[in-house]
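Structural characterization, general
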Amino acid sequence: IYDSKELNKTFEYDFNIAYKDAEKLIAKDSIHPDAFGCLVNLTFNIGFPRASKFVKMISALKKQEYKIAAKEILDSRYASQVPNRARELSEILEKC
């Protein structure tokens, strides 16, 4: 059993990795903050190697075409595996 301090430390470590990985895919300041948050969320959950395979979504984000990015995240195996999370990210992207 881990105490909350240890869990928070582990989360911060993992979050920082996901944040840096998201920055490898897209410059943070080049897209809407909520869209970047979605990308961090994705890299946190599936890791950089798998997130980097979302080529069409990443391309749409770079062009600030958030509605296209929202559709692309739903058009993936990821969405069939974790439909609620994918739908949540898609809805955030739609509002950017």
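Right above here is the structure, for reference.
Now for a quick tour of the structure. All of these numbers come straight from a predicted model, not from anything done at the bench. (Residues numbered from 1 in each chain as written. Predicted model: local features only at pLDDT ≥ 70, side-chain atom pairs only at ≥ 80, totals over all residues. Heavy atoms only, no water.)

A short note on the packing of aromatic side chains
- On inspection of all chains with the given rule, the structure shows 5 aromatic pairs.
- When the ring of Phe 11 is compared with that of Phe 44, the centres are 5.6 Å apart and the planes differ by 55 degrees; the resulting orientation is tilted. Of this pair, Phe 11 sits in helix H1 (residues 4–25) while Phe 44 sits in helix H2 (residues 33–51), and the two are 33 residues apart along the sequence.
- When the centroid spacing of 5.3 Å and the interplanar angle of 80 degrees are considered together, the rings of Tyr 19 and Phe 36 count as edge-to-face. In this pair, Tyr 19 is assigned in helix H1 and Phe 36 in helix H2, connecting sequence segments 17 residues apart.
- Using a relative accessible area of 24% as the deciding quantity, one classes Tyr 19 as partly exposed.
- Cation over ring: Lys 24 sits above Phe 48, and NZ or CZ is 5.3 Å from the ring centre. (Phe/Tyr/Trp six-rings, centres within 6.5 Å; stacked < 30°, edge-to-face > 60°. Helix = DSSP H or I, 4+ residues; strand = E, 2+ residues; numbered from the N terminus. Buried < 20%, exposed > 50% of the residue type's maximum accessible area, 1.4 Å probe, protein only. Lys NZ or Arg CZ within 6 Å of the ring centre and 35° of its normal.)

Looking at the nonpolar core
- Residues Leu 42, Phe 54, Met 57, Leu 61 and Tyr 78 are the most contacted members of the largest nonpolar core, which totals 27 residues.
- Element by element, the count of residues in this core is highest for H2, at 8 residues.
- Setting aside residues no more than four positions away along its own chain, Leu 61 makes contact with Ile 26, Ile 31, Ala 35, Tyr 66, Ala 69 and Leu 93. (Core = buried A, V, L, I, M, F, W, Y, C linked by side-chain atoms within 4.5 Å. Contact = heavy atoms within 4.5 Å.)

Examining unusual backbone geometry
- One non-glycine residue, Gln 64, lies in positive phi territory at about 60 degrees.
- In this structure Gln 64 comes out as partly exposed when scored by relative accessible area, which is 45%.

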